Amino acid sequence: MIQMIIADDEPIITKGLKNIIGWRQLGIHIAGCYDNGKDALHGILSQKADIALLDISMPEMSGIEVLEELRLIDVETKVIFISGFHEFEYARSALKYGAQGYLLKPVIKEELIGMIEKCVEELGGSNEDMLKEQRIAEPYGRLIDSEDTDYTLVLINILYQSKTSQERKLVEFSVISYIEKYVEGHQLGVLFRKSKGNFIVFRERETGIVWEHIKKINQGLYDAIGYGIQGIIGPVMNSLGEIPQVYQKCLDWSGYFFFMQLWNKELLVVDTPPTSRKATKEELMEALRNLMDSMIQQEQEQMLKQFKWYQDLIAILSNGSKEDACYYFCLGITEIGKRLDKLDIPHEDINTANLLREGRRAYDFLEMSEVYKKHVFNCYKSIQTSVDRNASKDIQHAKNYINENYKENLSLKILADVMCMNPYYFSSFFKKNSGMNFKDYLNEIRLERAVSLLISTDKRIIDIAAEVGFSDERSFSKAFRKKYAESPMTYKRKILSPDHNVE
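Notes on the structure follow.

What counts as what
- Residues numbered from 1 in each chain as written.
- Predicted model: local features only at pLDDT ≥ 70, side-chain atom pairs only at ≥ 80, totals over all residues.
- Heavy atoms only, no water.
- Helix = DSSP H or I, 4+ residues; strand = E, 2+ residues; numbered from the N terminus.
- Buried < 20%, exposed > 50% of the residue type's maximum accessible area, 1.4 Å probe, protein only.
- Contact = heavy atoms within 4.5 Å.
- Areas by Shrake-Rupley, 256 points an atom, 1.4 Å probe, with all protein chains shown as cover.
- Lys, Arg positive; Asp, Glu negative; His and termini not counted.
- Charge placed at Lys NZ, Arg CZ, Asp CG, Glu CD.
- Salt bridge = Lys/Arg side-chain N within 4 Å of Asp/Glu carboxyl O.
- Phe/Tyr/Trp six-rings, centres within 6.5 Å; stacked < 30°, edge-to-face > 60°.
- Lys NZ or Arg CZ within 6 Å of the ring centre and 35° of its normal.
- Pairing = 2+ DSSP bridges.
- Axes fitted to C-alpha atoms, helices over the stretch in contact; angles between N-to-C directions.
- Expected span 1.5 Å × (residues − 1).
- Polar contact = N/O pair within 3.5 Å; in protein donor to acceptor, adjacent residues only side chain to side chain.
- Parallel < 35°, antiparallel > 145°, perpendicular 65-115°, else oblique.
- Left-handed = near helix turned anticlockwise from the far one by under 90°.
- Nonpolar A, V, L, I, M, F, W, Y, C, P; charged D, E, K, R; others polar.

### Here we look at the overall build of the protein
Piece 1. Of the regular secondary structure elements, the protein holds 22 helices and 10 strands.
Piece 2. Looking at the protein as a whole, 47% of its 503 residues are labelled buried.
Piece 3. Counting contacts in the protein only where the partners sit at least 6 residues apart, residues at least 24 apart contribute 67% of the total.
Piece 4. Working note: accessible area of the protein is about 25,600 Å², and carbon and sulfur atoms make up 49% of it.
Piece 5. Between the averaged position of the 64 positive side-chain charges in the protein and that of its 74 negative side-chain charges there is a distance of 5 Å.

Laid out in structure tokens, this is it:
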């Protein structure tokens, strides 16, 4: 029986992991549970543990330190990290030390089982052993034509959309039956049914020809039953003995099935980038900042464009990992919440665990994207509500301050600070509620005062400009001409002329 230990400094999590699955039915014995890294390391060594579920952050030794120590003494225990949301990047970087993988809290039962099954498979033997029975089975015999025959393996994914378990079984039966009939009827190869994924082995080396066959199968499926498939094409094989390794390669790429609808692709080729677009985390953070700015400025069309950019970058950066995509989206929603908090704008509570659960339930990346877009829109509406509720009072306060301080060196930032607003937000707010931007309104007030001085005193233009707050005579004259279509002196002479009619 496989020996496994569990370590987490929170007893409720240790207990939950111990009881979440019927471990004995999987052939696994829980050899010990520990609440700190040092005891966990001792338990792994003393119990000769095959698998260890380790929390990242623990007293005495962290999960990473336990793993490093194991590798230093050549102990090959399979380590799975369990990390909190904010430890995600730390957990992911730990993979370079040889961790089997990582799971985010709260742990999803199905994801834990999947990772444990992978460990059990590797402990039980190589991928060659995994398909040993199939190699001697009758379907393999149907593939062999001659010694120089080449083969291409295609891992397939059925596009169920949202269906009940029973409906999915019926759909799978119909799809597999159709593919099997097509492939074997045209003597193209053999379809194999596996618990981790169905795959076709074509008696063909040309990827283009395989591609065309899959497209024909897909079109036939849509015409016949209204469902389709996606495929991941493995490298060409020179012998049937290569099937286990190529099958595993395709499985390693199977995470990309989740994203293929976004890219409008039916097929991907192993080791070929799914999209020519590159992406960096710096680009992602820039997209997030632009998204937040457009939300604060209440520019809905721009916000949707920025969200699309943000979404596309996430799909690329996730490298076929649904969990990574969840993390990046949750990071964005959390940062938006922090930005609104700084602006004192009330908004919905942001619970990271709930956000992760929502994303994990998504059927594909497009559905996940819609889940998180909903939260972005909720935050957008919170800003809109806040603006509408306080607009009348705040805009009057801003105008009063300008009227009383127009002679000073006023700037957008100074007034935004007075209003306790972000400058970007204040600029949008002022224009929306006053009908003109801050600079134009300030000049309007200054010019009104300037005209009064111009016609009631003999002060020089340069002195009037300084008195009403312009930095120099040139900027004053430019603003004056823009409003009155003539210079200050021409305007004064016209107003004071005996022939001037006052209506």
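### Concerning the pattern of salt bridges
Piece 1. This model, assessed by the stated rule, comprises 18 salt bridges.
Piece 2. Residue Glu-122 is joined to Lys-78 by a salt bridge in which the shortest nitrogen-to-oxygen separation is 3.0 Å. Residue Glu-122 is located in helix H5 (residues 109-124), and its partner Lys-78 is located in strand E4 (residues 78-83); the two are separated by 44 residues in the primary sequence.
Piece 3. Residue classification places Glu-122 among the partly exposed positions, given a relative accessible area of 39%.
Piece 4. The shortest N-O distance in the salt bridge between Lys-249 and Asp-271 comes to 3.2 Å. Here the residue Lys-249 occupies a position in helix H11 (residues 243-252), and Asp-271 occupies one in the loop between strand E10 (267-269) and helix H12 (281-296), the gap between them amounting to 22 residues.

### Looking at the packing of aromatic side chains
Piece 1. Across all of its chains, the model carries 24 aromatic pairs by this definition.
Piece 2. Residues Phe-258 and Phe-259 carry aromatic rings whose centres are separated by 5.3 Å and whose planes lie at 80° to one another, so their mutual orientation is edge-to-face. Per residue, the accessibility class of Phe-258 equals that of Phe-259, and both read buried.
Piece 3. A ring pair is formed by Tyr-310 and Phe-329, whose centres lie 6.3 Å apart and whose planes are at 75°; its orientation type is edge-to-face. Of the two residues, Tyr-310 sits in helix H13 (residues 300-317) while Phe-329 sits in helix H14 (residues 322-342), which places them 19 residues apart along the sequence.
Piece 4. Its relative accessible area of 2% is what places Tyr-310 among the buried residues.
Piece 5. Judged by its relative accessible area of 1%, Phe-329 falls in the buried class.
Piece 6. Members of the aromatic cluster, each reached through a chain of ring pairs, are Trp-253, Tyr-256, Phe-258, Phe-259, Trp-263, Phe-307, Tyr-310, Phe-329, Phe-365 and Tyr-372.
Piece 7. We note Arg-449 situated over the ring of Tyr-406; from NZ or CZ to the ring centre the distance is 5.2 Å.
Piece 8. Positioned over the ring face of Tyr-484 is Lys-483, at 5.3 Å from the centre of the ring.

### Side note on the sheet that holds strand E2 (residues 28-34)
Piece 1. One open sheet accounts for five strands, arranged E2-E1-E3-E4-E5; its pairing is parallel. Strand pairing shows two members of the sheet lacking a second neighbour, E2 and strand E5 (101-104), which therefore form its edges. Within the sheet, the average angular offset between the axes of one strand and its neighbour, ignoring direction, is 20°.
Piece 2. Across four bridges, E4 lies against E5 in parallel orientation. Bridge pairing in E5 places Phe-81 opposite Tyr-102.

### Concerning helix H19 (residues 438-456)
Each turn of an α-helix holds 3.6 residues, which means side chains three or four residues apart point in the same direction.
Piece 1. Given a rise of 1.5 Å per residue, 19 residues ought to cover 27 Å, and the 28 Å separating the end C-alpha atoms of H19 matches this to within 8%.
Piece 2. If you check which residues of H19 are buried, you get Phe-438, Tyr-441, Leu-442, Asn-443, Ile-445, Arg-446, Leu-447, Ala-450, Val-451, Leu-453 and Leu-454.
Piece 3. Of the residues flanking the start of H19, the one acting as N-cap is Asn-437, its side-chain oxygen 3.3 Å from the backbone nitrogen of Lys-439.

### Here's the deal with the packing of H12 against H13
Piece 1. Axis separation between H12 and H13 bottoms out at 9 Å; the angle between their running directions is 160°. The angle between H12 and H13 places the two elements in the roughly antiparallel class. Every pair of crossing elements has a handedness; the one defined by H12 and H13 is left-handed. For the pair H12 and H13, contact is made by Lys-281, Glu-283, Leu-284, Glu-286, Ala-287, Leu-288, Asn-290, Leu-291, Ser-294 and Met-295 and by Gln-302, Met-303, Gln-306, Phe-307, Trp-309, Tyr-310, Leu-313, Ile-314 and Leu-317, respectively.
Piece 2. Looking at the contact of H12 with H13, its residues break down into 12 nonpolar, four polar and three charged.

So far we have only geometry, and geometry alone does not tell us how the molecule works.
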